[in-house]
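Chain and residue survey
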Amino acid sequence: MTNADVAALFASLADLLEYRGENAFRVRAYRNAARIVESLVEPLATIRADPSRSLEDLEGIGADLAAKIGTILDTGRLPALDEAAAGVPAGVFAMLRVPGLGPKKVRALVEGLGLETLDDLAAACREGRVRGVKGFGEKTEAAILKSLAFVREHADERRLWEEADALVAGLLEWMRRCPAVERVEGAGSWRRGRETVGDLDLVAIADDAAAVMEHFRRWEHAGEVLLSGGTKTSLRGPGGTQVDLRVVAAPAFGAAWQYFTGSKEHNVQLRSRARDLGWTLNEYGLRRLESADLEPPEATTEEAIYRALGLDWIPPELREGRGEVRLAAEGRLPRLVEAADMRGDLHMHTTDTDGEDTLADMVAAAIRRGLEYVAITDHGQRVTMARGLDETRLRRQWERIDALNAALAADGPAPIVVLKGIEVDMLERGGLDLPDALLAEADWVVASLHYGQSQPRERITARIVEAVEHPAVNVIGHPTGRLINRRPAYDVDIEAVIAAAARTGTFLEINANPHRLDLDDHLAAAACRAGVRVVISTDAHSVRGLEVMRCGVLQARRAGLAAADVVNTLPWERFRDVALGRTSPSDAERRPG
Ligand SMILES: [Zn+2]
Ligand SMILES: [Zn+2]
């Protein structure tokens, strides 16, 4: 069981208790448990296996929760969930996963219309019966139908990249402990950094393939063995994920790693280049065709394979057949942005709204991560659920930031600059949720759309373009609102948003949260082509949340972005002059004149 699997059980329990109308406090407790577990970086099983540690040492996990987690790790089941599920129609679980349908709404539908399955629900929508239930209208009915289509499309759900990455990291560590393994690497869509990953692929070098396969089958998460041959073993890992391991001899490694990294489309293009030279290319390497007179060079590494085909080595994130082969042939591949290029993080929350860690803790963690500047961007007042800040509370937070900056600069140069920011909400009727005069005083303003997401395309687009054009707004947060595998983007004319951003110099965010990755790779590339610069930010709600920066960077790499395309790769002084477009108040006094 991975942390994500455990979190999913707690989330289901919370949904089910709420569906049954049970105590709101219990519901909240399990929802929190799911969130805490999901945000842990270290596997729960590892912590539990360590005799010197206890699950109860983890923040927010008490004795009761620790015991439940123990049961889940041992048995794969949560008895309280089985209990709560008794007598609930199976279709309810499926309905709870329809975006926009919370437990209360599902209950009203099930009780009001006697629904049992998703098909029942779809039929009820089409026949106009849903609008007859109290609290539902024609619009909701249409929205549910749309969501149902989305759920069907994502029925064959892939794992988020970050979850897959945790699995791959653990598996590589395990495989590297096998003495017969000379080298082992991950391949497939994980290596290409896709936002979701289906199967996991590993490629190893070894002379004794049988010993490697044997070691693989003894992996702690190994389930059913699907296929076990001389050079390939496939088995089921956690959550049913298929894991394929191939073992090759050292000279074939480059070709195998390249081949199993894909993508299919990229490999088709490479094979066609090989054919033009009179060769074939497959997972075993380059071979001469009968008709050709030129023998291919020996190519045992990926670099050598690409070189033999007259190409620069192509970073895996670009291998999607979107023009990268041509760029590599012309020696024009971009030098992609790297995690080490990031100098600032410009979207994060604290305990002043819905964050889990204090302002001081977030800043201390950012210093430890080596950042030169951060913006504190708690929610504005519209987000009542998160106790969003009104003018008075925001000004109080800014006073604390002034004091913190002063304290940081007390003995010599400050290790970090803390910007006074805010994540304002684009209101349903238009406009922002805090006064313009206040926003004009902020160092950094993120504008986001959290409410009224089902408004028609023109309304949503107008709200966002209005925010792009607002003089105080620096960046649009998670510009399309999509949640991977959970909720589609809202209906927005993103081209119009990009055009407005290019016109006004407003930045667009790549939100690095692995559930969001918004802008996605295609849109980030489109924004960049239009001359818009992006900001990669974590939207961290805890110290741990700062770690997802690498997920955002990966997405930017898939978009083909260089460091220069990303504003917060600039060192502080340049960032201040270029991105803030003015000197921040704290610097004004240091400037001559
Ligand atoms: Zn937000
Ligand atoms: Zn946020």
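For the structure itself, look to the data block above.
Thresholds applied
Residues numbered from 1 in each chain as written. Chains lettered and ligands numbered in written order. Predicted model: local features only at pLDDT ≥ 70, side-chain atom pairs only at ≥ 80, totals over all residues. Heavy atoms only, no water. Donors = N, O, S within 2.8 Å, 3.2 Å for Na, K, Ca; no water. Helix = DSSP H or I, 4+ residues; strand = E, 2+ residues; numbered from the N terminus. Pairing = 2+ DSSP bridges. Contact = heavy atoms within 4.5 Å. Axes fitted to C-alpha atoms, helices over the stretch in contact; angles between N-to-C directions. Phe/Tyr/Trp six-rings, centres within 6.5 Å; stacked < 30°, edge-to-face > 60°. Buried < 20%, exposed > 50% of the residue type's maximum accessible area, 1.4 Å probe, protein only. Lys NZ or Arg CZ within 6 Å of the ring centre and 35° of its normal. Parallel < 35°, antiparallel > 145°, perpendicular 65-115°, else oblique. Left-handed = near helix turned anticlockwise from the far one by under 90°. Nonpolar A, V, L, I, M, F, W, Y, C, P; charged D, E, K, R; others polar. Tetrahedral: all angles 85-135°; square planar, octahedral: opposite > 155°, others 65-115°. Expected span 1.5 Å × (residues − 1). Arc of directions from axis to C-beta. Salt bridge = Lys/Arg side-chain N within 4 Å of Asp/Glu carboxyl O.

1. Let's talk about the coordination of the zinc ion (ligand 1)
- All of the protein donors around the zinc ion (ligand 1) are Glu423 (OE), His450 (NE2) and His478 (NE2); their distances to the metal are 2.2 Å.
- The sequence motif formed by the donor residues of the zinc ion (ligand 1) is E-x26-H-x27-H.
- Taken as a pair, the zinc ion (ligand 1) and the zinc ion (ligand 2) show a spacing of 3.3 Å, with Glu423 coordinating each metal. In this pair, His450 sits in the loop between strand E13 (444–448) and helix H20 (457–469) while His478 sits in the loop between strand E14 (475–476) and helix H21 (494–504), placing the two residues 28 residues apart along the sequence.

2. Section: the sheet that holds strand E16 (residues 534–537)
- Strand order in this open sheet of 7 strands is E10-E11-E12-E13-E14-E15-E16, and the pairing throughout is parallel. Strand pairing shows two members of the sheet lacking a second neighbour, strand E10 (344–345) and E16, which therefore form its edges.
- Looking at chain direction, strand E12 (residues 417–425) and E13 are connected through 5 bridges and run parallel. Paired with Ile422 across the two strands is Val445, which belongs to E13.
- Sitting on the sheet, helix H18 (residues 391–408) is in contact with strand E11 (373–376) and E12, with an inclination near 160 degrees to E12.

3. So, the packing of aromatic side chains
- Evaluated as defined, the whole model comprises 8 aromatic pairs.
- Summarising the aromatic geometry, the rings of Phe10 and Tyr30 are spaced 6.1 Å apart at their centres and angled 10 degrees between planes, so their arrangement reads as stacked. With Phe10 in helix H1 (residues 3–19) and Tyr30 in helix H2 (residues 24–39), this residue pair connects regions lying 20 residues apart in the sequence.
- The class of Phe10 is buried, set by a relative accessible area of 0%.
- Ring centres 5.0 Å apart and planes at 85 degrees place the aromatic pair Tyr259 and Phe260 in the edge-to-face group.
- Residue classification places Phe260 among the buried positions, given a relative accessible area of 15%.
- In this structure an aromatic cluster arises from ring pairing among Tyr373, Trp444, Phe507, Trp572 and Phe575.
- Just above the ring of Trp257 sits the side chain of Arg191; from NZ or CZ to the centre is 3.6 Å.

4. Quick look at the packing of H1 against helix H7 (residues 103–113)
- Where H1 meets H7, the closest approach of the two axes is 8 Å, and the angle between their N-to-C directions is 50 degrees. By the angle between their directions, the pair H1 and H7 is classed as oblique. Both H1 and H7 take part in a crossing whose hand is right-handed. Packed against H1, whose contacting residues are Asp15, Glu18 and Tyr19, the element H7 presents Pro103, Lys104, Val106, Arg107 and Val110 at the interface.
- Across the contact of H1 with H7, the residue classes tally to 4 nonpolar, no polar and 4 charged.

5. Some remarks on the coordination of the zinc ion (ligand 2)
- Taken together, His347 (NE2), His349 (NE2), Glu423 (OE) and Asp539 (OD) make up the protein donors of the zinc ion (ligand 2), found 2.1 to 2.2 Å from the metal.
- Each of the 4 donor atoms around the zinc ion (ligand 2) contributes to a set of angles spanning 81 to 165 degrees, which defines the coordination as irregular.
- What makes His347 buried here is its relative accessible area of 0%.
- Relative accessible area serves as the criterion here: at 7%, Asp539 is assigned to the buried category.

6. Re helix H14 (residues 264–276)
- End to end, H14 covers 19 Å across 13 residues, agreeing with the expected 18 Å (1.5 Å per residue, within 8%).
- Regarding H14, the residues found buried are His266, Asn267, Leu270 and Ala274. Seen end-on, H14 carries its buried residues on one side only, within an arc spanning 95 degrees. For H14, the exposed residues set more than 90 degrees away from the buried face come down to Lys264, Arg275 and Asp276.
- Gly278 sits one or two positions beyond H14 and adopts a positive phi of about 85 degrees.

7. Remarks on the pattern of salt bridges
- As enumerated under the stated definition, the model contains 43 salt bridges in all.
- The shortest N-O distance in the salt bridge between Glu18 and Lys104 comes to 3.5 Å. Here Glu18, found in helix H1, pairs with Lys104, found in helix H7; they are 86 residues apart in sequence, far enough to count as distant.
- On the accessibility criterion, Lys104 (62% relative accessible area) is exposed.
- In this structure, Glu356 and Arg35 form a salt bridge, with 3.9 Å as the shortest nitrogen-oxygen distance. Here Glu356, found in the loop between E10 and helix H17 (359–368), pairs with Arg35, found in helix H2; they are 321 residues apart in sequence, far enough to count as distant.
- The network of salt bridges with shared partners includes Arg192, Glu320, Arg322, Asp521 and Arg558.

8. Some remarks on the packing of helix H10 (residues 161–176) against helix H23 (residues 549–558)
- At a minimum axis distance of 11 Å, the contact between H10 and H23 shows a crossing angle of 110 degrees. As the angle between them shows, H10 and H23 are arranged roughly perpendicular. Contacts from Trp161, Glu162 and Asp165 in H10 reach Arg550, Cys551 and Leu554 in H23.
- Looking at the contact of H10 with H23, its residues break down into 3 nonpolar, no polar and 3 charged.

9. Observations regarding the pairing of strand E6 (residues 232–236)
- Bridge analysis of strand E5 (residues 225–228) against E6 gives 3 bridges, and the strand direction is antiparallel. In the strand pairing of E6, Ser228 is matched with Thr233.
- The hairpin formed by E5 and E6 contains 3 residues between the paired strands.
- In the sheet, E6 pairs with strand E7 (residues 242–248) via 5 bridges, with the strands oriented antiparallel. Note that in E7 the partner of Arg236 across the bridge is Gln242.
- Hairpin remark: E6 followed by E7, antiparallel, with 5 residues in the connecting loop; positive phi at Gly239, about 65 degrees.

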